[in-house]
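So you can see what is in the structure, the chains are spelled out below.
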Amino acid sequence: MNNNITEDYCSPKVSSLLEEKGMARGAWLVPTQALAIKWIRENFNIWYSIGMQSKDYFTLTIYRNNPDITIIYNDKGFKTSEEAINAALLYTLKHLI
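Note that the structure is predicted; figures quoted are calculated from it, not measured.

This part takes up the confidence of the model for the chain. Predicted confidence across the chain gives a mean pLDDT of 89, with 96% of residues reaching 70 or more. Averaged over each element, pLDDT in the chain is lowest for strand 3 (residues 69–78) (77) and highest for helix 2 (residues 33–44) (96).

As structure tokens, this is what we get:
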């Protein structure tokens, strides 16, 4: 059993873009991926689905709910779910917000 699980933090580029797009900096220096996902979902109605095809092959889908649920981006081939989440956050911040 793996009990050495930690929070995953946003990359420096994602952190910078979050602040640029209006995410207020709290007591943290770098936000977690979970906090960034929640901020984007609550403020822009954008959410993510990360799928696992095999142990080291992940996919991502980005959705927008306005008012219908629309798939706005798909990608695949990520080695970890965290890599897929970082790619989703980067795409969102560069192209959708």
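A few words on a nonpolar patch on the surface. On the surface, a nonpolar cluster with roughly 320 Å² of combined accessible area is contributed by Tyr-9, Leu-29 and Val-30. Tracing the backbone shows Tyr-9 in the segment before helix 1 (12–20).

On to the pairing of strand 1 (residues 46–54). Pairing geometry for strand 1 and strand 2 (residues 57–65), over eight bridges, is antiparallel. Within strand 2, the position partnered with Ile-50 by the bridge is Leu-60. Adjacent in sequence and paired antiparallel, strand 1 and strand 2 are bridged by two residues.

Another aspect to go through is unusual backbone geometry. Positive phi is not limited to glycine here, since Asn-45 has a value of about 55°. As for its position among the elements, Asn-45 is in the loop between helix 2 and strand 1.

When you line up the elements, Ala-88 lands in helix 3 (residues 81–95). Taking the C-alpha atoms as reference, Ala-88 lies 10.0 Å from Val-14; in sequence the two are 74 residues apart. Those residues within four positions of Ala-88 in sequence are excluded, and the remaining contacts are Tyr-48, Leu-60 and Ile-62.

The subject of this paragraph is helix 1. Of the positions making up helix 1, those classed as buried are Val-14, Ser-15, Leu-17 and Leu-18. Looking down the long axis of helix 1, one finds its buried residues gathered within 165° of arc, a one-sided arrangement. Facing away from the buried surface of helix 1 by more than 90 degrees, the exposed residues are Pro-12 and Glu-20. Considering only its buried residues, helix 1 is in contact with helix 2 and helix 3. Phi for Gly-22, located one or two positions after helix 1, is positive at around 115°.

Parameters at a glance
Residues numbered from 1 in each chain as written. Predicted model: local features only at pLDDT ≥ 70, side-chain atom pairs only at ≥ 80, totals over all residues. Heavy atoms only, no water. pLDDT = per-residue confidence, 0-100. Helix = DSSP H or I, 4+ residues; strand = E, 2+ residues; numbered from the N terminus. Patch = residues over 30% accessible without salt bridge, like charges linked within 9 Å, V, L, I, M, F, W, Y side chains within 5 Å. Areas by Shrake-Rupley, 256 points an atom, 1.4 Å probe, with all protein chains shown as cover. Salt bridge = Lys/Arg side-chain N within 4 Å of Asp/Glu carboxyl O. Pairing = 2+ DSSP bridges. Contact = heavy atoms within 4.5 Å. Buried < 20%, exposed > 50% of the residue type's maximum accessible area, 1.4 Å probe, protein only. Arc of directions from axis to C-beta.

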